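Residue-level listing of the chains:
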Amino acid sequence: MADSGKPLLIVESPTKAQTIRRLLGKTYEVAASYGHVRDLPEKGMGVQIVEENGEPRFVPLYEIQPSKKALIQSLKKQVEEASQVWLATDEDREGEAIAWHLCTLLGVSPQEPVRIAFHEITRRALEQALQHPRPISMSLVEAQQARRILDRLVGYEISPLLWRIFPKGEKKAALSAGRVQSVALRLIVERERAIANHQPEVSYSAEVHLVAEPPFKAVLVEPELPHLEAAQTYLRQLVGQALQVTRVEKKTRRRSPPPPFTTSTLQQEAQRRLGFSLQRTMRTAQSLYEKGLITYMRTDSVHLAPEALKAIHAVLAEKYGPQAVSPRTWETRSAHAQEAHEAIRPTDPHLAQAGDTPDEQKLYALIWKRTLAGQMPEALYEETVAELVPEKPTEPVLRFEAKGTVLVRPGFLQLYSQAEEEDTQEQEPSLPPLSPGQKWPWNLLRVVERFSAPPARYTEGTLVRELESRGIGRPSTYAPTVETLFKRGYIRRETLRVARPPYTELLFYPDGREERTRQTPPPETQKNKLVPTELGMQVLDFLVARFPDILDYEFTARVEAELDQIAAQKLDWQAMLAAFYRRFVAELETARTTRNEYRHRLLGYDPVSQKPVFLHVGRNGPYVALAEKGDPNYRTASVPGRFKLDELTLETALELLSFPRQVGTYEGDPIWVHQGPYGYYLRHKGANYPLLPGMSPFSLTEEEAIEAIEARRRQQANTLLREFPEAGIRILRGRYGPYIQYGGKNYTLPRGVDPAQLTVEACQQLMAEKASKPSKASRKPSSRKK
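About the thresholds
- Residues numbered from 1 in each chain as written.
- Predicted model: local features only at pLDDT ≥ 70, side-chain atom pairs only at ≥ 80, totals over all residues.
- Heavy atoms only, no water.
- Helix = DSSP H or I, 4+ residues; strand = E, 2+ residues; numbered from the N terminus.
- Salt bridge = Lys/Arg side-chain N within 4 Å of Asp/Glu carboxyl O.
- Buried < 20%, exposed > 50% of the residue type's maximum accessible area, 1.4 Å probe, protein only.
- Core = buried A, V, L, I, M, F, W, Y, C linked by side-chain atoms within 4.5 Å.
- Contact = heavy atoms within 4.5 Å.
- Axes fitted to C-alpha atoms, helices over the stretch in contact; angles between N-to-C directions.
- Parallel < 35°, antiparallel > 145°, perpendicular 65-115°, else oblique.
- Nonpolar A, V, L, I, M, F, W, Y, C, P; charged D, E, K, R; others polar.

For A687, the location among the structural elements is in strand β26 (residues 687-690). In this structure the C-alpha to C-alpha distance between A687 and Q48, which are 639 residues apart in sequence, comes to 62 Å.

For the rest of this paragraph, the subject is the pattern of salt bridges. A full pass over the atoms with the stated rule returns 53 salt bridges. When the shortest N-O distance is used, the salt bridge between E192 and R457 registers 2.9 Å. Note that E192 is positioned in helix α6 (residues 181-196) and R457 in the loop between β14 (442-451) and α13 (460-469), a separation of 265 residues in sequence. Across this residue pair, the class does not change: E192 and R457 are buried. In this structure, E391 engages K439 in a salt bridge whose closest nitrogen and oxygen atoms are separated by 3.5 Å. Pair noted here: E391 is in the loop between β11 (379-390) and β12 (399-409) and K439 is in strand β13 (residues 439-440), with a separation of 48 residues, a long-range link. Relative accessible area serves as the criterion here: at 31%, E391 is assigned to the partly exposed category. What emerges from the salt-bridge pattern is a single network uniting E222, R247, E249, E387, R399 and E401.

A separate point is the nonpolar core. Core analysis: the biggest nonpolar cluster contains 170 residues, and F118, L162, F166, F547, V624 and L682 have the highest contact counts within it. The element contributing the most residues to this core is helix α5 (residues 138-165), with eleven residues. When neighbours within four sequence positions are excluded, F547 is seen to be in contact with I158, L161, F542, F584, E587, L588 and A591. Among the nonpolar cores identified, the runner-up in size contains 30 residues, and A206, L235, L388 and F400 belong to it.

Here the focus is the environment of F412. If you trace the backbone, F412 turns up in the loop between β12 and α12 (420-426). We classify F412 as buried; its relative accessible area is 0%. Distance from F412 to E534, taken between C-alpha atoms, is 45 Å for residues 122 residues apart in sequence. Not counting the four nearest positions on each side in its chain, F412 is found in contact with R255, S256, P257, P258, A373, M376, P377, E378 and A379.

Take the packing of α5 against helix α17 (residues 573-593) next. At their nearest, the axes of α5 and α17 sit 11 Å apart, and the two run at 5° to each other. Taken together, α5 and α17 sit at an angle that is classed as roughly parallel. Here E142, Q145, A146, I149, L150, L153, V154, E157, I158 and L161 of α5 come into contact with α17, specifically with W573, M576, L577, F580, Y581, F584, L588, A591 and R592. Grouping the amino acids of the contact of α5 with α17 by side-chain chemistry returns 15 nonpolar, one polar and three charged.

Interpretation note: all reported values are geometric properties and have no functional meaning in isolation.
Here is the structure:
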C-alpha cells in the first residue's frame, strides 16, 4: 500500500460501488469484485477428505474463477496504490466469505481491522462503518464454508446415482439432489399426494334469509345436521313462523398492523400481492439496496433503529396528523436469526415512491407502506352477534346466529390493507338494529351439502413460510432452492382449474314449498401453484428410501441450527462436518448397492396367467409390466406419481394393469375407465369424461360414473350458446368471451357481436376473416427504430 494514495473500498456489486462513490465523493476509490472471486471448482468434488487422528478432515480446494483472473490483477494494482483498504461486502456469511477470499488473494491480512459492514447504503451509515472497522470474522467464514462443503458433498455424491437411474425429464437438465432442495421437493410432493388421497368428509349447513332493511342472514349453529333427511325434519318446523331475537352482544375487536418485512415475509407478500417469483423479488430488492433506497434485504430481524423510527413518526404526523402515530417496537421471534441488522425498510421514509423500473417501484411501495403502517394505530371493528330462535318451540331447539362487523377506525388500514381475501373475511355484512324480543320474518331457508377441502397446494410464498416455520434453510437460500427445482424439471408453476364435487341443495319457502336440486359448481381457479412432475415424485421416492437422514425435516433443521452455532463460535466446523459425513457415507454405500433393484423389480406372479409382474423405471417414468416382451400376454401400465415405488405391491400393479375396464352401462352403451397420460377418465359413446373429485378409478361404481357423466354434460350445456349441427358449428362461452368452434379450431367473436343473432353464413364469414389474418407468430417485427 502507498501512503500517498486514496483509501480503497471493495464491494461485490458495480451498482453498489457506484452508489457509494456518489455518496463519499472523490476522497475514496471504490472497486467491485463482481461477486465471488474464488470458489470450489465446477468439475469434481473440489473437497479433499483426509484422515487426522482417525477423524475425517475437509479441505476445500478453492480456485480463482476463470472470468475473474484479470479482475484480481487489477484489484492487486489498486491495493498497491491505496493508502488503506476496506472490504465492504454484504453483512452476512456470504459477504464475509467474499471478504476473506479477497484478503487471501490480494495480500491483505484478515486479522487487521479491514472489514467494514453496514446494513444501508447512506452517507451516515458509511461514515459510521468507516469509524468502526474490524478483522474478518472467521466464525462466519467457517459457517459459510461448512454449508458450501455440505452441499457439495451431498450434490456430488448423490447426483450421479440419479443420472444412472432416471431420465432427464421434460427440460433435459442434469438431475441433482441437494440438502435443502430435496427437502423442499418432499414438502411439495407430500402435499400433492395428500390432495390425491383426500377423502372428502360430508357436512351440512343451513342459513335463513331474513326480511329487514338491510336484509341479513343467520346461520344454524344448533343442532348439527347429520344428513339431509334430518335437515328436512328439523327445518320444516319453521314454516309459518318468524325468528325471534333472544340475545345481542357487541364487542370491539382490535387488529394490529403486521411487522416490517424480513426476507421471507417480503418474498411471501410480493408473491401474493404482486405475483413476483422468489427470484424476481430478490433480484429487485438487491437492486433497491444497491441504489441506497432500502436497507439490506437478507435479514431475519424485524427490529427498526431508533433514528429510523423517529423519521417514520415525523412522516406519518406530516401526512396523516399526530393521531396517526402509534409508536411500536418489534421483537424478532425467529430462534435461528443469523443477521444482526434491521428489518427491510426504506432508507429515507420521506420518499413514498422510488425506483427506476416498474418492478422496483412496486416493491419499494410495498416496503414503504408496510414499514410506515407498523407505526400506526390498530384498526378497530365493532362486532355484533345476535342469537335467534323460532318464535314457537321446536324439537330439537333450533338456534341461529347472525354476525355483523363494522370498521370503526381504519388505523393502519388506510395505508396498508392486507390481501383482499383477508379483508373480505374481516368485513362481515352490517346488521340492522337488533334487540331482544324482535321478531323477523324470513323468505328463504337454504341447506347446502358441503365437502371438506383437501390441503392447499403450495405457492412459492407459502412454501417459504413452511420452510421457515420448520427451520429449514435461510432467507438467502429460498430463492435459489426453488429456482433449482424448476430448472431440474422437478416442479412446475401452474394455474389450475380444479373441479369441485356436485352438491345437493334444499330450499324451503315460507309458504311450505320445497325444492331439492343437484348443483355443479364451476371449477376453482388456483393461481401460481407448485405442482410436482412425475420425475420429481420418482426422484423424491428414491431419495427418501435411500437417504432418510438427508430427507428428514428435523435433521435438516438441526443442520441449520449447527451452522448457526458455528457462526456463534459454539461448535467446531470440522467436527460438525465429520459427524454428518459418517452417517452420510453409510447411506451412500447402501444406495449404491441397491441401485439396480430400484430400476427393475419382480413384484410377483399374476394368479390368472401365472406370468411374472415387474416394476420398471424406464425412459418415460415408472411402469408395471405383465410378462416379458415378446410374450403374447405382455402389456404395461404407467404408475401414477401418487404411488411410492418402494411400497408398490403386486395387488396394486394388477389393478393398474386391469385398465381399461368396464364399470357399468348407461343409455344402452358401456362405460369404460381408461388410464391416460394425465390420469384416469371415463369413456362413453365415444366421448371422454373426467372423474369427479373424491372418486377412485379402482373402486368406481356405475352410479358414480353416471353422476360424473351427467355433471360434465351439465357443465357443457352451460357453455353451449348456439349450435348448427348441419354445419358442424358450435358457439361456446369461454373464459375470455364467446367463440366459434369448427373443425377442431376456435375463432373468437369480435366485441359487440351478439351470439344469439348469428347465422351459419355469419359464422362462416367471421371464420374466413379470422383465417385470412396472419397469426401473431407469423407477423414480422417492425423495422422502425425504437
